[in-house]
Amino acid sequence: MSGIVCYVGRELCKGNLTAALQTMKKRGNSVAGAALQQKNFVSIVSNGTSGLCDEIQKYDGDSTFGIAECSSIFNNSCAAVPAVNNMYAVAVDGEIENFEAIERWCKNPFPVNSSEDLLLAMLCVNSSDNKLALIKKIFTAVKGEPTFAFAQNGDDVLYCHRGDSPLFVGFCDDGYYVASELNAIVPYCKKYVFLKYHESARIARNRIIFYDSRMKKIKKQAKPCPDYALFENSYTPSEEVYYCPLVLREIYSRIVKKGEIALDELNFTKRSTEKIKRIVITGNASAYNASRAAAYYIESLCDIPCTAVESTQLRCSGAVFDKGTLLLVASHTGEDNDAAFCIRRAKKFGAKTIAVTNSAISYVAEICDYAVNPGADFNSERVSFREFVSLYMTLCLIGLYIGKKAGVVSDVYMSLSLKLAEQLPSKILSLIRDEKMMKSIIPQIMQSKRVFVTGLGADAAIADECAFWLEDVGGVSCSALSSSNLAALNRESFVGSAILCFVTDALLMPKILPMLKRAEFYGAKVMLIATDAIYEERSNDSNAVTFGDSMPMLNVLNAAVWGDKLSVFIAQNLSLIHISEPTR
């Protein structure tokens with residue numbers, strides 16, 4: 001996924017470009033490039049966004065116009081770098097599907113290796129000076145609908161076109177910004193405009209004009225940029241653990257009003273819920289794990305088939321949507337291009353779409369029919385455990401709301417669920433503070449040859465999340481395996497291994513117990529993370545972490561936060577050990 005940042009104004013562009021690029025580091029793991037205009041375009045290419053920023057700062061020209069691009073694409077060293085020659089500079093966010101056909105049409109006036117090169121060729125082989133006509137010709141001929149920006153050499157005017165990927169135009173005192181993400185330009189702009197599908201813009205130093213798909217001038221209402229504090233809150237992993245109860249309390253206060261779930265903006269009625277034949281939840285990374293865990297309970301709450309599919313897989317599978325489909329999109333930052341593609345496909349066939357994102361001004365929130373903002377702040381540069389907690393809790397509340405409207409959830413069950421949800425932050429805080437059981441478990445984890453994390457149902461999603469944090473924060477080499485895959489391991493795999501097993505639903509204990517006994521028989525150390533009631537079935541097991549009982553849907557959060565706390569606790573202890581070592 002590429003990212004574009006452009007600046008046109010009266011100030012030197014190198015400082016403005018590098019500042020905006022810093023917020024898009026997550027896109028720049030491989031290659032990055034920039035084109036700065038002096039008398040001619042100056043091309044700068046580097047390995048990664050940070051390297052590009054350093055190279056731009058070394059540039060000693062007085063250019064006030066620049067285009068930059070970064071990406072996490074690894075398979076093509078020519079990708080995600082603005083294509084430049086003595087006529088144009090072009091940056092692209094997206095892929096061209098009919099690449100070979102367009103390449104033949106351009107007659108290869110110079111080497112063509114990437115989408116940027118191909119669009120540069122298309123501009124150069126056309127003799128027309130009408131840039132708007134060129135834009136229309138490009139997006140008509142190119143399949144794949146990439147978003148792109150370009151400028152002609154010697155002309156301080158930027159042209160940009162919005163395809164499948166998002167594009168924002170920001171207004172500042174000294175000029176204009178164009179970026180693939182709003183958070184890249186929020187610190188520097190007072191207002192912004194979100195370009196809709198197939199809209200274009202002509203941006204000069206002192207004027208900007210917007211066009212629709214037919215290249216007719218249109219007026220766009222600029223919105224005020226949100227407070228940048230929303231994007232800059234950054235916590236250490238240990239601080240994040242203690243922040244989780246506050247996140248849950250904030251979500252509850254935002255969504256629950258006077259003992260009822262206040263999501264009337266979703267416009268659900270008993271009649272409309274009867275038309276929903278299936279629910280699909282999508283997301284990636286931690287958002288996908290939250291979706292998997294929530295789908296397990298939403299299906300029973302709504303009495304509607306519910307599945308969770310990773311956004312990339314959902315896009316590639318060619319899934320069929322219809323008017324009976326409800327698509328829930330979970331995204332922490334709301335900048336998931338694969339999910340956005342699925343949203344557009346779903347809306348095309350009449351499906352209802354709801355965005356659940358911590359960024360109310362994001363691309364995903366803009367294009368969905370409805371958006372629910374949990375309100376947990378975030379730092380978009382780093383994956384956050386708050387992502388799982390906030391999205392899972394919000395999805396469960398949406399499930400309760402739909403179930404109530406459908407007549408499946410009774411008043412008594414709703415009242416009990418909300419009461420337990422209100423008490424949950426206090427219970428989680430008590431669980432975080434209790435480190436006694438962790439101290440007995442950590443040595444067994446660190447002394448094991450390998451660590452497996454497992455669970456059934458919603459607990460399988462917790463296992464994936466916990467395994468990620470144990471490796472990323474705790475530095476423990478571990479694998480998340482489904483219970484069936486774990487049961488299929490041979491005897492040698494269990495010898496010297498440690499197994500962390502999450503069980504938050506008592507109904508699943510009889511299914512997973514035989515596998516745990518087999519693992520113990522072959523020499524594995526089994527550590528159970530479960531509620532007090534579930535633990536009674538394993539009363540002879542000293543290796544267990546228990547927490548107070550709630551409803552199974554909320555027990556998931558207890559177990560997930562404990563897994564995050566474990567990774568932080570391991571990291572802190574390893575740090576102490578490292579510090580206590582004598583220097584040589």
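Scoring rules and cut-offs
- Residues numbered from 1 in each chain as written.
- Predicted model: local features only at pLDDT ≥ 70, side-chain atom pairs only at ≥ 80, totals over all residues.
- Heavy atoms only, no water.
- Buried < 20%, exposed > 50% of the residue type's maximum accessible area, 1.4 Å probe, protein only.
- Helix = DSSP H or I, 4+ residues; strand = E, 2+ residues; numbered from the N terminus.
- Core = buried A, V, L, I, M, F, W, Y, C linked by side-chain atoms within 4.5 Å.
- Pairing = 2+ DSSP bridges.
- Contact = heavy atoms within 4.5 Å.
- Axes fitted to C-alpha atoms, helices over the stretch in contact; angles between N-to-C directions.
- Parallel < 35°, antiparallel > 145°, perpendicular 65-115°, else oblique.
- Left-handed = near helix turned anticlockwise from the far one by under 90°.
- Nonpolar A, V, L, I, M, F, W, Y, C, P; charged D, E, K, R; others polar.
- Salt bridge = Lys/Arg side-chain N within 4 Å of Asp/Glu carboxyl O.

Colleague: Can you walk me through helix H4 (residues 115-124) in this structure?
Modeller: Count 3.6 residues to each turn of an α-helix, and residues three or four apart come out pointing the same way. With 10 of 10 residues buried, H4 lies mostly within the body of the structure. Turning to H4, its buried residues are Ser115, Glu116, Asp117, Leu118, Leu119, Leu120, Ala121, Met122, Leu123 and Cys124.

Colleague: Teacher, can you tell me more about the nonpolar core here?
Modeller: Side chains that are nonpolar tend, in soluble globular proteins, to be buried together. One finds Ile261, Ile279, Tyr392, Leu470, Trp562 and Leu566 to be the most contacted residues of the largest nonpolar core, which totals 92 residues. Examining the composition of this core, we find that 13 residues originate from one element, helix H13 (residues 385-405), more than from any other. In terms of nonpolar packing, the next biggest core, distinct from the first, is built from 46 residues, Leu17, Ala68, Val309 and Ile343 among them.

Colleague: I would appreciate a short explanation of the sheet that holds strand S7 (residues 147-152) in the present structure.
Modeller: By definition, the strands of a sheet pair up through backbone hydrogen bonds, in either a parallel or an antiparallel sense. Sheet architecture is open: 7 strands sit in the order S5-S6-S7-S8-S12-S13-S14, paired in antiparallel fashion. On the outer flanks of this sheet lie strand S5 (83-84) and strand S14 (217-218), each paired with one strand and no other. Where strand S12 (residues 200-203) and strand S13 (residues 208-211) come together, 4 bridges link them in antiparallel fashion. Paired with Arg202 across the two strands is Ile209, which belongs to S13. The sheet contacts of H4 involve S5, strand S6 (88-93) and S7, and relative to S6 the element is tilted by about 135 degrees.

Colleague: Could you clarify how one ought to interpret the sheet that holds strand S26 (residues 525-531) in this entry?
Modeller: The strand order across the open sheet built from 5 strands is S24-S23-S25-S26-S27, with neighbouring strands paired in parallel fashion. The open sheet has two edge strands with one neighbour each: strand S24 (478-480) and strand S27 (544-547). On average, adjacent strands in this sheet sit at an angle of 15 degrees to one another, irrespective of strand direction. With 4 bridges connecting them, S26 and S27 associate as parallel partners. Note that in S27 the partner of Ala530 across the bridge is Thr546.

Colleague: Can you help me understand the packing of helix H9 (residues 286-302) against helix H16 (residues 458-472) in this one?
Modeller: When two helices pack together, their arrangement is given by the angle between the helix axes and by the axis-to-axis distance. It is the contact of H9 with H16, at a shortest axis distance of 8 Å, that shows an interaxial angle of 165 degrees. The pairing of H9 with H16 is recorded here as roughly antiparallel in orientation. By crossing handedness, the relation of H9 to H16 is classed as left-handed. Across from Ser286, Asn289, Arg292, Ala293, Tyr296 and Tyr297 in H9, the residues of H16 making contact are Ala458, Ala460, Ala461, Asp464 and Glu465. Each residue belonging to the contact of H9 with H16 can be placed in one class, and the counts come to 6 nonpolar, 2 polar and 3 charged.

Colleague: What exactly am I supposed to notice about the pattern of salt bridges here?
Modeller: Note that side chains of opposite charge can pair when their charged atoms are close. Tallying each qualifying case throughout the model produces 11 salt bridges. Measuring nitrogen to oxygen at the nearest pair gives 3.0 Å for the salt bridge that ties Arg344 to Asp164. Residue Arg344 is found in helix H11 (residues 337-348), and its partner Asp164 is found in the loop between strand S8 (158-161) and strand S9 (168-172); the two are separated by 180 residues along the sequence. Judged by relative accessible area, which is 14%, Asp164 ranks as buried.

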